[in-house]
Amino acid sequence: MRLGRVGIIGAPLEAAVAKVAGLLRPGRVVLIGEIHGTVELPALVADVANRCVTAGTPIHIGLELPSQDQATLERFLADPDREAAGDRLLKGGFWRRPPQYQDGRSSVAMADLLESLRHLSLSDNKVAVTAIDAWDGRSHGTDRDEMMADHLVSAVQRHSACATVVLAGNGHTRTAAGPGPFGYTPMGWRITGLLDDVISLRVVTSGGTAWNIVDPHTGAGVHPVPGGDLRPLGHHDVLLVGPVTASPPAMTRSTRPPRRT
């Protein structure tokens, strides 16, 4: 399967890319608290990475993907064969989960983000990617966030010359102390005590849709995304991205995107 390459469309996302890129510097970590399963948020990260590489700034991307798949991810990023790399990546168990468990982190847009990062990493040595999620089917809540923080801190220390952007759920990226509305102490708060330079941004949309899980009993699917709440809600600031669009699981893609020219 040939993965696509995402790109920014529309003024709100362009402004959001500029805001994130303007915050980045070597050694700093910018957490982007996303809503899983949209087209726009992975696209934003792809364009931030491209802007950093073009400017000569080394970039390290942390993604809420299973840390046990890190070796597979690195092989994917180093593979010059676009189609073969995509086939191998999407054969992994994380990407082949039953549809009702596809929570938006294994979407078409996330796969296309990885393809964009693979393209950048092959053309430049200033790109690194880390899978930070500790979820193994058993660890949940505070334990999971503690392990996520450990994975992220270790990766940031390994890539200390890079600016780091982390795309993860907005419950995990909160930097407020203590348990939040999800009932656990978030990764974002944990890393602020271990790293010197962390900025957390909560994504704010103007509405739209996302492919995610709202109710575990009904499973995954396309759900409406509310907009307009401009409160940071435990983050340092907000990131306005405009309307968002649901991105279905990568395993459902039935057509190949056109070859990059």
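Analysis parameters
- Residues numbered from 1 in each chain as written.
- Predicted model: local features only at pLDDT ≥ 70, side-chain atom pairs only at ≥ 80, totals over all residues.
- Heavy atoms only, no water.
- Axes fitted to C-alpha atoms, helices over the stretch in contact; angles between N-to-C directions.
- Helix = DSSP H or I, 4+ residues; strand = E, 2+ residues; numbered from the N terminus.
- Parallel < 35°, antiparallel > 145°, perpendicular 65-115°, else oblique.
- Contact = heavy atoms within 4.5 Å.
- Nonpolar A, V, L, I, M, F, W, Y, C, P; charged D, E, K, R; others polar.
- Phe/Tyr/Trp six-rings, centres within 6.5 Å; stacked < 30°, edge-to-face > 60°.
- Buried < 20%, exposed > 50% of the residue type's maximum accessible area, 1.4 Å probe, protein only.
- Core = buried A, V, L, I, M, F, W, Y, C linked by side-chain atoms within 4.5 Å.
- Salt bridge = Lys/Arg side-chain N within 4 Å of Asp/Glu carboxyl O.
- Polar contact = N/O pair within 3.5 Å; in protein donor to acceptor, adjacent residues only side chain to side chain.
- Arc of directions from axis to C-beta.

(A) Focus on the packing of helix α3 (residues 70–78) against helix α5 (residues 108–123). One way to put it is that α3 packs onto α5 with a least axis distance of 8 Å and a crossing angle of 60°. One element, α3, and the other, α5, form an angle in the oblique class. Across the interface between the two elements, L73, F76, L77 and A78 from α3 touch L114, E115, L117, R118, S121 and L122 from α5. Across the contact of α3 with α5, the residue classes tally to seven nonpolar, one polar and two charged.

(B) Representation of the packing of aromatic side chains in the model. Evaluation of the coordinates by the stated rule reveals one aromatic pair. An angle of 85° between the planes, with centres 5.6 Å apart, marks the rings of F94 and W95 as edge-to-face. Neither residue differs from the other here; F94 and W95 are each classed as buried.

(C) Local environment of the side chain of S247. When you line up the elements, S247 lands in the segment after β7 (237–244). Given the relative accessible area of 2%, S247 is considered buried. Other than its neighbours up to four places away in sequence, S247 contacts G37, T38, V39, S107, V108, A109 and W211.

(D) Layout of the nonpolar core. Within the largest apolar cluster, 48 residues are counted, with the highest numbers of intra-cluster contacts made by V20, I32, L44 and I59. Among all residues touching I32, those that are not within four sequence positions of it are V20, L41, L44, V45, V165, V166, L167, A168, T173, L201, V203 and L239. Within the second largest apolar cluster, 15 residues are counted, among which are I132, M148, L152 and V166.

(E) Broad picture of the pattern of salt bridges. Summed over all chains, the structure comprises 13 salt bridges. With a closest N to O distance of 2.8 Å, R118 and E115 form a salt bridge. Linking R118 with E115, this pair stays in helix α5, spanning three residues, or about one helical turn. Look at R118 and you get buried, because its relative accessible area is 3%. The exposure class assigned to E115 is buried, which follows from its relative accessible area of 0%. Each member of the salt-bridge network shares a partner with another, and the members are E64, R97, D103, R105, D133 and R144.

(F) Representation of the side chain of R82 in the model. For R82, the position within the fold is in helix α4 (residues 82–90). By relative accessible area, which is 11% here, R82 ends up buried. Polar side-chain contacts of R82 include one of 3.4 Å to the side chain of E115.

(G) Summary view of the environment of D196. With respect to the helices, strands and loops of the structure, D196 is situated in the loop between α7 (187–192) and β5 (198–213). Assessed through its relative accessible area of 85%, D196 is described here as exposed. Expressed as a C-alpha distance, the spacing of D196 and R28, which sit 168 residues apart in the sequence, is 7.9 Å.

(H) Main features of α3. Those residues of α3 that sit buried are Q70, L73, F76 and L77. Taken around the axis of α3, the buried residues stretch over an arc of 120°, which confines them to a single face. Every exposed residue of α3 that faces more than 90 degrees away from the buried side is listed here: R75 and A78. Where α3 is buried, its residues touch β2 (59–66), α4, α5 and β3 (127–133).

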